[in-house]
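# Close look at the chain arrangement
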Amino acid sequence: MKPSARQQDQPNSAIARDIAYAVHPYTNLKRHQETGPLVITRGEGVRVFDEDGNGYIEGLAGLWCTSLGFSEERLAEAGARALRRLPNYHSFTGKAAAPTIDLAEKLIGMAPVPMSKVFFANSGSEANDTAIKLIWYYNNALGRPEKKKIISRVRAYHGVTVASASLTGLLPNHRDFDLPLDRFLHADCPHHYRFAEKGESEEDFATRLAENLEKLILAEGPETVAAMFAEPVMGAGGVIVPPATYFDKIQPVLKRHDVLLVADEVICGFGRTGNMWGCQTFDIKPDMITCAKALSSGYVPISALMISEPIWQAMVKESEKIGVFGHGFTYSGHPVATAVALETLAIYEERNIIEHVRAVAPLLQDGLRRFGDHPLVGEVRGIGLVGAVELVRDKATKQPFELTQGVGAYLGKRAEANGLIVRPMGDSIAFSPPLVIAAAEIEEMLDSFGRALEETWTWVKESGLNRS
Ligand SMILES: Cc1ncc(COP(=O)(O)O)c(C=O)c1O
């Protein structure tokens, strides 16, 4: 909701101080100086509340994070207990905090394919960054110093550190940041609606993409290509569910050329797609897995990288040669974060979160698909409790709006006015609510979205944006 002029004019208001002092990620910094922030002060269940007391269903669980909603007492208690017992300790030089050992064991036990070890970090970006470094380390250990190139995909999102932003396949993460770095290659985006040829089935599209991937590897030289990163469902690039048979077809290509596969489960992990892991939903057999977000229900920053036994063996060998494994963050395996994550995983089991997701997911998916007939809607897509509605200027030709017309952003604001926070990614509007969302709350979310969509359609027509 737009801040009132009165709030902004008060020099000590949160809004005025935010404008004065804070840099906002993923924000138009110039425009923010005029509009200021939406200041969120508390959360309860699937809702957050602003400083004026307005409530919003958090349709994206913050940033695809708060799987257990915004007021899970057990997580608050677990954090408080951990803070009192051992508020900080590290994992360097062979030290360990007790909950960190428990969490490592737990994650290895839960992994969708056999994994050997876990490395902890604080963010998805750091986990992916670490994966890149370990892939290079691994190939050096194997005596293949030239096998270093990394493939990801156009529209992928893997983070924003220098290396993980190089994996990310979105223009604003590269432009004028002098990225991507060399060694990073971007394969086709598996979005059937946007990139399939006329009449091409999902299966044929997947075949073509797998063939293109193989051509890319052969053109670069398989002896130079080390790994591919993939989100099971691409999130920030627009919630792109892979076309049927996609992972079945690309995995043999990678195997043929000895290219490792890293599954980025930062969004999909812990139930989002209706299974514990996106890898299970799409039958992906990765060599490494990164996860974060719902690992702690987003209550504290923590991420994890799981690695297979061959990679672990190479790391052991290399660190023996060098004398130390020269990598680690101050907060790798922070005991407060690992304690909260352990409690989160315990709650998932006790409350059978996967069954709940499976029970309510059809309400979200069918409900979103009902908007498919709307004149503004080009495609509705999704799986489990993640989805997106893509707005278009012309339904028949799929012609998009100009990004500068800000149609998605307008809808996002109308949703807020209707008590719903969603994430416009360009003109694709993403949904990824807390996994604990109840059936009635999904209905409410869809109603609010429906009103916002109608209001946006009225604005589009009045402004003539639908006419070329
Ligand atoms: C799939 C995926 N990977 C990595 C990241 C980066 O995580 P972080 O923002 O914690 O660095 C994100 C963040 O949204 C993500 O969605």
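The shown structure was predicted, so the numbers you read here are calculated from the model rather than taken from an experiment.

## Some words on the overall build of the protein
- Along the protein, the regular secondary structure elements total 17 helices and 15 strands.
- For 468 residues, the compact-globule estimate of 2.2 N^0.38 gives 23 Å, and the C-alpha radius of gyration of the protein, at 22 Å, lies within 12% of that figure.
- With the C-alpha coordinates of the protein rotated into their principal frame, the extents come out at 65 × 60 × 45 Å.
- Looking at the 468 residues of the protein, the share that counts as buried comes to 54%.
- Sequence separation of 24 or more characterises 70% of the internal contacts of the protein that already satisfy a separation of 6 or more.

## A few points about the side chain of Ser 297
- Within the secondary structure layout, Ser 297 lies in the loop between β9 (288-291) and β10 (303-307).
- Its relative accessible area of 0% is what places Ser 297 among the buried residues.
- Only 3.0 Å separates the side chain of Ser 297 from the backbone nitrogen of Leu 68, close enough to count as a polar contact.
- In contact with Ser 297, not counting residues within four places along its chain, are Cys 65, Thr 66, Ser 67, Leu 68, Gly 69, Leu 75, Thr 344 and Tyr 348.

## Re the confidence of the model for the protein
- When the pLDDT values of the protein are averaged, the result is 96; 98% of them are 70 or greater.
- Element-level mean pLDDT values for the protein span from 59 in helix α1 (residues 5-9) up to 99 in strand β8 (residues 260-264).

## Some remarks on the packing of helix α10 (residues 202-220) against helix α11 (residues 246-256)
- One way to put it is that α10 packs onto α11 with a least axis distance of 8 Å and a crossing angle of 20°. Overall, the two elements α10 and α11 adopt an arrangement that is roughly parallel. In this structure, the crossing between α10 and α11 has a hand that is right-handed. Contacts between α10 and α11 involve Glu 203, Ala 206, Thr 207, Leu 209, Ala 210, Leu 213, Glu 214 and Ile 217 on the former and, on the latter, Tyr 246, Lys 249, Ile 250, Val 253, Leu 254 and Arg 256.
- Here the contact of α10 with α11 is built from residues that sort into nine nonpolar, one polar and four charged.

## Remarks on the packing of helix α6 (residues 98-110) against helix α14 (residues 335-350)
- One way to put it is that α6 packs onto α14 with a least axis distance of 8 Å and a crossing angle of 40°. Classed by the angle they form, the pair α6 and α14 counts as oblique. Pair α6 / α14 crosses with left-handed handedness. Residues Pro 99, Thr 100, Asp 102, Leu 103, Lys 106, Leu 107 and Met 110 of α6 pack against Pro 335, Thr 338, Ala 339, Ala 341, Leu 342, Leu 345 and Glu 349 of α14.
- Class assignment of the residues belonging to the contact of α6 with α14 gives a composition of nine nonpolar, two polar and three charged.

## A word on unusual backbone geometry
- Pro 180 follows Leu 179 through a cis peptide bond whose omega is 0°.
- Mapped onto the fold, Pro 180 is located in the loop between α8 (162-167) and β6 (184-187).
- The backbone phi angle of Asp 176 is positive, close to 65°, even though this residue is not glycine.
- If you trace the backbone, Asp 176 turns up in the loop between α8 and β6.
- Residue Asn 352 is not a glycine yet carries a positive backbone phi of 45°.
- Here Asn 352 shows up in the loop between α14 and α15 (353-369).
- With a relative accessible area of 39%, Asn 352 lands in the partly exposed category.

Rules of the game
- Residues numbered from 1 in each chain as written.
- Predicted model: local features only at pLDDT ≥ 70, side-chain atom pairs only at ≥ 80, totals over all residues.
- Heavy atoms only, no water.
- Helix = DSSP H or I, 4+ residues; strand = E, 2+ residues; numbered from the N terminus.
- Rg over C-alpha atoms; globule rule 2.2 N^0.38 Å.
- Buried < 20%, exposed > 50% of the residue type's maximum accessible area, 1.4 Å probe, protein only.
- Contact = heavy atoms within 4.5 Å.
- Polar contact = N/O pair within 3.5 Å; in protein donor to acceptor, adjacent residues only side chain to side chain.
- pLDDT = per-residue confidence, 0-100.
- Axes fitted to C-alpha atoms, helices over the stretch in contact; angles between N-to-C directions.
- Parallel < 35°, antiparallel > 145°, perpendicular 65-115°, else oblique.
- Left-handed = near helix turned anticlockwise from the far one by under 90°.
- Nonpolar A, V, L, I, M, F, W, Y, C, P; charged D, E, K, R; others polar.

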